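# Coordinate inspection notes
Next come the chains, spelled out residue by residue.
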Amino acid sequence: MQKIIGTLLILGTISCKNISNTKRETNMQLTTTIGKVLDYLPKIEVFDSQNPLEISRKNYEIMTQQLSGKKEPVAIIEELNIPEEDHQVPVRIYRPKGVTSKSPAIIYIHGGWFISGGYETHDAIARKLANATGAVILFVDYRLAPEHPFPAGLNDCKTAAEWLIHNAEKLGIDSQKIGIIGDSAGGTLATALTTQLGNQLQFQVLIYPAADNTLNTTSWETYQDGPVLNKEWGSQAWKWYLSSEEDQKNPLAVPMLIKDFTETPPTLVIVAEHDPLRDEGEELAQHMKDSGISVKTSLYKNMVHGFMHMGIILDETQSAIEEIAEFTTENLEK
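Quick caveat, the model's predicted, so the values are computed rather than measured. (Residues numbered from 1 in each chain as written. Predicted model: local features only at pLDDT ≥ 70, side-chain atom pairs only at ≥ 80, totals over all residues. Heavy atoms only, no water.)

## Here we look at the overall build of the protein chain
Helix and strand counts for the protein chain stand at eleven helices and twelve strands. Long-range contacts, defined as pairs at least 24 residues apart, comprise 76% of the intrachain contacts of the protein chain with a sequence gap of at least 6. Just so you have it, the protein chain exposes about 13,500 Å², and 44% of that area is on carbon and sulfur atoms. (Helix = DSSP H or I, 4+ residues; strand = E, 2+ residues; numbered from the N terminus. Contact = heavy atoms within 4.5 Å. Areas by Shrake-Rupley, 256 points an atom, 1.4 Å probe, with all protein chains shown as cover.)

See the structure below:
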C-alpha cells in the first residue's frame, strides 16, 4: 500500500498544491466542509501500481466507498447478465422496501469519465435513489474505455434499457413509468440514449453531465486544475473513449453536437458551482430548451464535481436525492 499524494485522484491528476493554487487563483469561496473533503482526497490509499489507469480506477472506488457514508438497506438486490451477441451486459437490480408489483423503474448509468466506475462506486447512490423514489433501479455495469471505446458502453446501456422495457411485466415494473438517470459520463450516455428511446421514457435526470469533448468553456478554464477533476486527465479520458476522428464528430458520442431532442423526455439537469463541467451542463440544458423540451436546471451552490458521492459529510447529497425523487414523482404522475 502507498499514499498517493500529488497523483491520480478520483478521475484525474490533482495534487495538494494544485488544490491550494486553484483556490487562490480563482478565488473560490469553498465552504469549510468542502475544504475538508478536498484536503482528504490526496490521502486516499491505494495498492501499489505503476499503471495510472489502474490507480485512478482504484482511487475512485475507494473514495466513493469512504465518502458515501452508511449504505441504506433495500428490500432486494439482484445481479443478472443480459446476453448479447459476443458478450453479456452485467446489471444490478435494486428493489426498494414496500414495493411489490407494477412499480416504477429507473435506469441508472454511472459516471467515471468512461474509464472508471461500476457497482461499488455507485452502490450507496443507487440504494438512496431506490428508497427515495420508490422505484426499481436498474444499474448498468457497461464496458469501459480504453479497453472498450465508443460505442461499446452506449450499446450496453441501450441493450439494458431495451431489455428492461421489453421485460417490464415479468420484472413487476410498469412499462409506462420508466425513467433514466446518468451522472457525469453517465449523463453523456443517458443523453444519447434518450434521443433514441426517449418516447419510451417518462423522465431524464442528468447529474453534472459531461457534454463536450473540447473542454474549452469558461468553467474549464477556471477549474482546469481542479478541484476533483482536471483538464489534462479529462482530455485523456475523452481520447480513450473516442478512438477515431469520426467518433469525435458523432452526436451520440458528444451530446453538445446533438441537434434533435424531440424524443427527449422532461429533463432535470443538476450542476455544481465549482465544477469544470458546469458550463457545458448548463449549455446542454439550454439546447434542450431551445428544442422545446421541458428542462429544469438546478445549481448546487458551493458544490464540486462528484458531490453525490460525499453523503457522509455533505447535506447537499441528500438534498439532491430528494430533488430527484420529487422530479421523478411529478413526471410519473403525468
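## A few points about the sheet that holds strand S10 (residues 204–207)
What the eight strands build is an open sheet, ordered S5-S6-S8-S7-S9-S10-S11-S12; its pairing is mixed. Single-partner strands in this sheet number two, and they are strand S5 (76–83) and strand S12 (295–304). For this sheet the average axis-to-axis angle between neighbouring strands, irrespective of direction, equals 20°. As defined by bridge partners, strand S6 (residues 88–95) adjoins strand S8 (residues 136–140) across four bridges and the pair is classed as antiparallel. Residue Ile-93 lies in a different strand from S8, and its bridge partner there is Leu-138. (Pairing = 2+ DSSP bridges. Axes fitted to C-alpha atoms, helices over the stretch in contact; angles between N-to-C directions.)

## Describing the pattern of salt bridges
If charged atoms from side chains of opposite charge come close, those side chains can pair. Following the criterion strictly, the structure yields 14 salt bridges and no others. Arg-57 is the salt-bridge partner of Glu-147, the closest N and O atoms lying 2.9 Å from each other. With a gap of 90 residues between them, Glu-147 in the loop between S8 and helix H5 (152–166) and Arg-57 in helix H3 (residues 52–67) connect regions that are remote in the sequence. The class for Glu-147 is partly exposed, based on a relative accessible area of 48%. For the salt bridge of Arg-143 with Asp-156, the shortest nitrogen-to-oxygen distance reads 2.9 Å. Within this pair, whereas Arg-143 is found in the loop between S8 and H5, its partner Asp-156 is found in helix H5, the two being separated by 13 residues in sequence. The buried category is assigned to Asp-156, whose relative accessible area is 1%. Sharing partners across several salt bridges, the network here consists of Lys-71, Glu-79, Arg-92, Glu-120, Asp-123 and Arg-127. (Salt bridge = Lys/Arg side-chain N within 4 Å of Asp/Glu carboxyl O. Buried < 20%, exposed > 50% of the residue type's maximum accessible area, 1.4 Å probe, protein only.)

## Considering the packing of aromatic side chains
Counted according to the given criterion, the structure contains 13 aromatic pairs. Aromatic pair Tyr-208 and Phe-307: ring centres 5.8 Å apart, planes at 70°, arrangement edge-to-face. Of this pair, Tyr-208 sits in the loop between S10 and helix H7 (218–222) while Phe-307 sits in the loop between S12 and helix H11 (315–332), and the two are 99 residues apart along the sequence. Tyr-208 sits in the buried class, given a relative accessible area of 2%. Using a relative accessible area of 0% as the deciding quantity, one classes Phe-307 as buried. An aromatic cluster of at least three residues, connected via ring pairs, comprises Trp-113, Phe-114, Phe-150, Trp-220, Trp-238 and Tyr-241. (Phe/Tyr/Trp six-rings, centres within 6.5 Å; stacked < 30°, edge-to-face > 60°.)

Keep in mind these numbers describe shape, not what the thing actually does.
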